[in-house]
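Coordinates in review
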Amino acid sequence: MKRLFAIIAVLATCAFQMSAQQDSFDKMLSALSAQSASFEYSFSTNASIKMTGSGKVLVQDTCFKVEGNGLEIWSDGESIWTIDRAGKEGIIEDVSDSSMDMANPAQFLASAKTAFTRQLTTSSMVVLVPKAKSEIKQIKLYIKDGENPILTKVVATTSDGTDTEFTIKNMKYSKKQSVESFVFDMKTLSSDFIITDLR
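Below, the structure is looked at part by part. Treat the numbers as computed from the prediction; the structure is a model and nothing was measured. (Residues numbered from 1 in each chain as written. Predicted model: local features only at pLDDT ≥ 70, side-chain atom pairs only at ≥ 80, totals over all residues. Heavy atoms only, no water.)

**A look at the packing of aromatic side chains**
- This model, assessed by the stated rule, comprises 4 aromatic pairs.
- With a centroid separation of 6.5 Å and 25° between ring planes, the pair formed by Tyr-41 and Phe-43 is classed as stacked.
- Using a relative accessible area of 3% as the deciding quantity, one classes Tyr-41 as buried.
- Here the aromatic rings of Phe-43 and Phe-166 are separated by 5.6 Å at their centres, their planes lie at 40°, and the arrangement is tilted. Of this pair, Phe-43 sits in strand E1 (residues 36-45) while Phe-166 sits in strand E11 (residues 163-174); the two residues are 123 residues apart in sequence, bridging distant segments of the chain. Note on accessibility: Phe-43 and Phe-166 belong to one class, buried.
- Among the aromatic residues, those joined into a ring-pair cluster are Tyr-41, Phe-43 and Phe-166.
- Looking at Lys-65, its charged tip hangs above the ring of Phe-182, at a distance of 5.4 Å from the centre. (Phe/Tyr/Trp six-rings, centres within 6.5 Å; stacked < 30°, edge-to-face > 60°. Buried < 20%, exposed > 50% of the residue type's maximum accessible area, 1.4 Å probe, protein only. Helix = DSSP H or I, 4+ residues; strand = E, 2+ residues; numbered from the N terminus. Lys NZ or Arg CZ within 6 Å of the ring centre and 35° of its normal.)

Here it is as structure tokens:
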């Protein structure tokens, strides 16, 4: 389940000449580095075994919190905590060792500057490709421009042709939070939880 729970990584340095004026994608990344953003999402896949889900996200620069499909995923930009309260188990990993979660839109956004290269840009859509070898072939981000651009949809395509489509709703920007607020508090778990720390 963890594998299919995340979304949103975006761009590295552009590999082509850009105009002096920022486009909606650049403006969104700038906004996410200076503020936090929250949104709700739902997703579905076109795989032979259909998968659907929904959740809510808080993302800020390389940090994020995601709640959805019975899981909580927290990251302070260095570690990722994946917690299953119903199953009373959790996994802690280094960000560098954690594979891209196809069901986690927050992870797509948080890794945009380091893990992806922009391949194509239009007025309302950006196509990103991973820098390193990955199951993800490309990610399409659909953005509504404005002073603080709003993400409306994400389509992640894997190497086998499977599309995971995310619908983004109620994206709002707010005051930047401390990085410490993105660190999961292990004290909220009872002593019978099984925690695997892979760091």
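That was the structure; now back to the text.
**Quick word on the pattern of salt bridges**
- What the rule picks out here adds up to 5 salt bridges.
- In this structure, Arg-118 and Asp-26 form a salt bridge, with 3.1 Å as the shortest nitrogen-oxygen distance. On the criterion of sequence distance, the pair formed by Arg-118 in strand E7 (residues 116-121) and Asp-26 in helix H1 (residues 24-34) is long-range, its members being 92 residues apart. As far as the burial class goes, Arg-118 and Asp-26 line up, both buried.
- Note that Asp-197 and Arg-199 form a salt bridge whose closest N and O atoms lie 2.8 Å from each other. (Salt bridge = Lys/Arg side-chain N within 4 Å of Asp/Glu carboxyl O.)

**Thoughts on the environment of Lys-144**
- Turning to its location among the elements, Lys-144 is positioned in strand E9 (residues 136-144).
- A relative accessible area of 56% places Lys-144 in the exposed class.
- Residues Lys-144 and Phe-25 lie 119 residues apart in sequence; the distance between their C-alpha atoms is 9.4 Å.
- Contacts of Lys-144, omitting those with residues within four sequence positions, involve Pro-149, Ile-150 and Thr-152. (Contact = heavy atoms within 4.5 Å.)

Scope: geometric values only; no functional claims are made or implied.
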